[in-house]
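Examination of the molecular architecture
What follows is each chain in one-letter form.
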Amino acid sequence: MRICAQQLTVQGILLFFYRDRLQEGATALARWVQQGELHVAEDIHEGFEQAPSLLPTMFTGKSPGKLILKVGDPE
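Conventions we followed
Residues numbered from 1 in each chain as written. Predicted model: local features only at pLDDT ≥ 70, side-chain atom pairs only at ≥ 80, totals over all residues. Heavy atoms only, no water. Helix = DSSP H or I, 4+ residues; strand = E, 2+ residues; numbered from the N terminus. Expected span 1.5 Å × (residues − 1). Patch = residues over 30% accessible without salt bridge, like charges linked within 9 Å, V, L, I, M, F, W, Y side chains within 5 Å. Areas by Shrake-Rupley, 256 points an atom, 1.4 Å probe, with all protein chains shown as cover. Salt bridge = Lys/Arg side-chain N within 4 Å of Asp/Glu carboxyl O. Buried < 20%, exposed > 50% of the residue type's maximum accessible area, 1.4 Å probe, protein only. Phe/Tyr/Trp six-rings, centres within 6.5 Å; stacked < 30°, edge-to-face > 60°. Lys NZ or Arg CZ within 6 Å of the ring centre and 35° of its normal.

Now for helix α2 (residues 22-34). Its 13 residues give α2 an end-to-end C-alpha distance of 18 Å, which sits within 8% of 18 Å, the value for a rise of 1.5 Å per residue. Gly-36 occupies a position one or two residues after α2 and carries a positive phi of about 80 degrees.

Below, the structure written as C-alpha cells:
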C-alpha cells in the first residue's frame, strides 16, 4: 500500500545477468554488514517444537528479515 500511496518505483534485478560478479557483490554486502552500513534483521527462535507455529509467519510479512529456527548447536 505504501508503494501506491507514496508513488514509489520498485525495480528488481535478475542475478543471472550478473553471475560473473556474484563474489564481488557478496564481498561488498559482507563488508557493509560488518561496518554497520547495512542492517540484517534476524528473528531467532529456539527449539524444534516452535516449527509448526513459525511456518505461517514466513508468509505474513509480520516480521521482516531472516526467520531463524535454532534446533541445536553445531558441533
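Together, Ile-13, Leu-14, Leu-15, Phe-16, Phe-17, Tyr-18 and Leu-22 make up a nonpolar patch on the protein surface, roughly 810 Å² of accessible area in all. By secondary structure assignment, the location of Leu-14 is in the loop between α1 (2-5) and α2. Since its relative accessible area comes to 54%, Leu-14 is described here as exposed.

A few words now on the packing of aromatic side chains. Overall, the coordinates contain 1 aromatic pair when judged by the stated rule. Taking the centre distance of 5.6 Å and the plane angle of 70 degrees together, the rings of Phe-16 and Phe-17 count as edge-to-face. Its guanidinium or amino end placed over the ring of Phe-16, Arg-19 lies 4.5 Å from that ring's centre, counting from NZ or CZ.

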